[in-house]
Amino acid sequence: MCANLSITPPDAARDDSWFWLHGGSLTQDTRRIAPRHHHARGQILGLASGVMVFRTNRACWSVGPGQVLWLPPDLPHEARSHGAMAGWTLYLHPSRCTNLPDTPFLAEGTPLLNAQAERLAQTTQEGKTSLVTTRLAESFWDEWVALPRRLSGLPIPSDPRLRRVTDHLEMAPGDKRSQSEWAALAGMSLRSFVRHFRADTGAGFAVWLQKRRMIDAQQRLARGERVTDVALAVGYESIGAFSASFRRSTGCRPSRFAAAQAVPPDDKRTSG
């Protein structure tokens with residue numbers, strides 16, 4: 001059973017007396033969930049280990065080790081961690097968010113940005129700043145705005161007929177029905193299903209389904225499941241085919257990804 005995940009410092013998001021950037025650590029040793037909420041400030045979140053999945057009304061994003069997620073101010077979202085995790089989170093005053101996208105995006109963090117963010121998360125957690133902190137924050141900002149952005153999360157259709165399909169696949173990503181059978185579940189002809197799905201999500205169904213399965217695979221690996229079991233659970237009969245798809249999606253082999261999830265003993269503490 002998932003416990004609640006607290007990742008927002010009390011009252012800080014709406015307090016203009018705080019420095020324009022503040023943050024804290026994200027460390028959990030169990031699977032956790034943060035119910036739907038929003039922040040008055042923009043949020044930048046990065047992970048050193050583990051996996052978190054963020055979901056809005058229209059898309060979801062899986063954040064793994066080394067990745068950084070942007071969430072704009074006042075965007076309702078929910079968050080889940082899948083097993084142990086360690087990382088950092090920074091909140092930006094709305095005045096700093098005006099030139100950033102008003103939709104989330106995922107990026108690969110650089111070693112410099114991650115090191116700067118970890119230091120800023122520590123030094124600004126209590127609202128204390130110094131000239132050194134100010135210079136570091138501006139250096140972080142320069143690195144942050146220069147990051148290449150991977151804008152697309154996994155889109156969630158708005159059409160309730162299509163949602164019947166995607167909601168089912170969220171619970172059972174290994175379901176091997178044919179596209180014609182998925183169309184029937186949506187109450188559509190195959191031609192209408194293909195056309196409406198692409199129009200609603202911007203992706204073809206086969207591409208969407210593979211991405212859905214890779215997100216689920218990352219979550220399962222983060223929970224410590226064996227690679228073979230994960231491959232079968234997300235619909236692959238061949239370990240080789242699963243490994244190839246996973247590597248194309250994440251840039252690393254499933255076994256390497258699983259090994260990266262281990263949180264060092266000194267980091268297994270609860271975030272506040």
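Just so we're clear, the structure is a prediction, and the values are computed from it rather than from any experiment.

K.L.:
Please clarify how the packing of helix α3 (residues 160-171) against helix α6 (residues 205-222) should be interpreted in this entry.
P.N.:
When two helices pack together, you describe them by how their axes are tilted relative to each other and by the distance separating the axes. Put simply, α3 and α6 touch, their axes get as near as 10 Å, and they point 30° apart. Regarding the angle of α3 to α6, the classification is roughly parallel. You can see that α3 and α6 cross each other, and the crossing is right-handed. Here V165, T166, L169 and E170 of α3 lie close against α6, whose contacting residues are F205, W208, L209 and R212. Each residue belonging to the contact of α3 with α6 can be placed in one class, and the counts come to five nonpolar, one polar and two charged.

K.L.:
So what exactly am I meant to see when it comes to the pairing of strand β7 (residues 67-71) here?
P.N.:
Moving residue by residue along a regular strand, the side chains alternate between the two faces of the sheet. The buried fraction of β7 is high, at five of five residues. Alternating residues of β7 divide into Q67, L69 and L71 and V68 and W70, and every residue in both groups is buried. Relative to β7, strand β4 (residues 42-49) is paired through four bridges, and the arrangement is antiparallel. Bridging across to β7, I44 finds its partner in W70. Pairing analysis gives four bridges linking β7 to strand β10 (residues 105-108), with the strands arranged antiparallel. Bridging across to β10, Q67 finds its partner in E108.

K.L.:
Where do I start with unusual backbone geometry in this structure?
P.N.:
Working note: non-glycine residues mostly have negative phi, and peptide bonds are mostly trans. Backbone geometry places D74, a non-glycine residue, at a positive phi of 60°. Relative to the helices and strands, D74 is located in the loop between β7 and β8 (77-81). For D74, a relative accessible area of 43% gives the class partly exposed.

Thresholds, definitions, all that
- Residues numbered from 1 in each chain as written.
- Predicted model: local features only at pLDDT ≥ 70, side-chain atom pairs only at ≥ 80, totals over all residues.
- Heavy atoms only, no water.
- Axes fitted to C-alpha atoms, helices over the stretch in contact; angles between N-to-C directions.
- Helix = DSSP H or I, 4+ residues; strand = E, 2+ residues; numbered from the N terminus.
- Parallel < 35°, antiparallel > 145°, perpendicular 65-115°, else oblique.
- Left-handed = near helix turned anticlockwise from the far one by under 90°.
- Contact = heavy atoms within 4.5 Å.
- Nonpolar A, V, L, I, M, F, W, Y, C, P; charged D, E, K, R; others polar.
- Buried < 20%, exposed > 50% of the residue type's maximum accessible area, 1.4 Å probe, protein only.
- Pairing = 2+ DSSP bridges.

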